[in-house]
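Structure assessment
Take a look at the letters that make up each chain.
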Amino acid sequence: MIDLRSDTVTRPSPEMRQAMFDAPVGDDVYGEDPTVNALELLAADVTGKEAALFVSSGTQSNLLALLSHCQRGDEFIAGQDAHAYRFEGGGAAVLGGIQPQPLPFNAAGELDLAQVESTIKPDDFHFARTRLLCLENTQAGKVLSLTYLEAAAAVARKHGLGIHLDGARAFNASVSLSINIKDICDHFDSVSICLSKGLGAPVGSILVASAELIGRARRMRKMLGGGMRQAGSLAAAGIYALNHNVERLADDHAHASLLANNLNQMPGFSLKEAPQTNMVLLDLEQHRFSRLKTWLADNGVVTSGQRWVCHRDISLEDINRVSELCRTFSQHD
Ligand SMILES: *Cc1c(COP(=O)(O)O)cnc(C)c1O
């Protein structure tokens, strides 16, 4: 089976499973799990931040960041289609009394900074207090430029806002730009990174920030029931992922480009845009896409929508196979 639904479907490799098996563990709520501690030190070091927190998911990580930056009655600015606004059950509002102020992403996956500035509410008791700017990188597979990040950070600073990055796939961005992840994280007060997507760990995300913010997030994590005990077995997968699975994201990007190039040469196939990282975004008429989806499923290729995601468990042979199936489809449909 070839699963193109998401990079969340990756399964731990034998080497990763061995690292999980071998990991020394302790009670992390007492701060005594050596492997969790090692992961948090490594994550802080790799991202150039003071401290890190190992959490159960990207959703929890974003929520902890929002709760740590904002108080009840505060507001965060985020993309209309941002995961932290749209796909996380309204957690900030439900659990934190924090109001979102969504704005549209432009075609580059950015928030227009002039629009951000004009959306920041004046200091007036009629309004929620705008406290935080939240960006996403990669956004739908698109990479934000360092120039943009610098400008966004300057806007946040000018208006006294915190700035958070939902960097679920921040390593895809750094690998795509051939830069150090620190060069991205430098522009943010806090960054959330998924270990469970392209990096191939079974579970977990890390939140990185100042020691002070991570202290607050740690308290919130306990409150949300996210204090895990012998979590070192899971953290070991995260350490393995950071040490072994970052550079290889370039393979996923190459696979996405190859698949996109192949599809572009077939009659009746159109793409929304050229892939910048690991996602191929199709642009087919819905009925035609449904027929394609069924044809692929009948041949062992699983897709959900018109976003096809390359990852560790998709090989070059798999890309060739999907290309062949699409070619056959395009000749007969
Ligand atoms: C997947 C994802 C998350 C959330 O991660 P989970 O571990 O699934 O909760 C957050 N933001 C973005 C952009 C994501 O793609």
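Everything in this summary refers to the structure shown in the same document.

Procedures and definitions
- Residues numbered from 1 in each chain as written.
- Predicted model: local features only at pLDDT ≥ 70, side-chain atom pairs only at ≥ 80, totals over all residues.
- Heavy atoms only, no water.
- Helix = DSSP H or I, 4+ residues; strand = E, 2+ residues; numbered from the N terminus.
- Rg over C-alpha atoms; globule rule 2.2 N^0.38 Å.
- Buried < 20%, exposed > 50% of the residue type's maximum accessible area, 1.4 Å probe, protein only.
- Contact = heavy atoms within 4.5 Å.
- Areas by Shrake-Rupley, 256 points an atom, 1.4 Å probe, with all protein chains shown as cover.
- Lys, Arg positive; Asp, Glu negative; His and termini not counted.
- Charge placed at Lys NZ, Arg CZ, Asp CG, Glu CD.
- Polar contact = N/O pair within 3.5 Å; in protein donor to acceptor, adjacent residues only side chain to side chain.
- Near = heavy atom within 4 Å.
- Nonpolar A, V, L, I, M, F, W, Y, C, P; charged D, E, K, R; others polar.

Attention now goes to the overall build of the protein. Counting its regular elements, the protein contains 14 helices and 11 strands. Whereas a compact globule of 333 residues would reach a radius of gyration of roughly 20 Å, the protein reaches 21 Å, a difference of no more than 12%. Across the 333 residues in the protein, those meeting the buried criterion constitute 54%. Intrachain contacts of the protein at a sequence separation of at least 6 include 74% that bridge at least 24 residues. Element-wise, carbon and sulfur atoms account for 51% of the exposed surface of the protein, whose accessible area totals about 14,400 Å². On the protein, the mean spot of the 30 positive side-chain charges and the mean spot of the 39 negative ones are 4 Å from each other.

With that settled, consider the side chain of H255. Position of H255 relative to the elements: it lies in helix α12 (residues 249-264). According to the relative accessible area criterion, H255 is buried, its value standing at 13%. Here I314 takes part through its backbone oxygen, which lies 3.4 Å from a polar atom of the side chain of H255.

Right, let's get into the site of the ligand. Near the ligand the following residues occur: S57, G58, T59, N62, H83, E88, E136, D166, A168, R169, C194 and K197. Measuring from an oxygen atom of the ligand, one finds a backbone N or O atom of G58 at 2.8 Å. The side chain of R169 places a nitrogen or oxygen atom 3.0 Å from an oxygen atom of the ligand. For the ligand, whose free accessible area comes to 380 Å², the fraction covered by protein is 82%. Here the shell around the ligand takes three residues from helix α3 (residues 58-69), the largest share from any one element. Along the lines of polarity and charge, the residues of the shell around the ligand split into two nonpolar, five polar and five charged.

In short, the description is geometric, and any link to function would need to be established separately.
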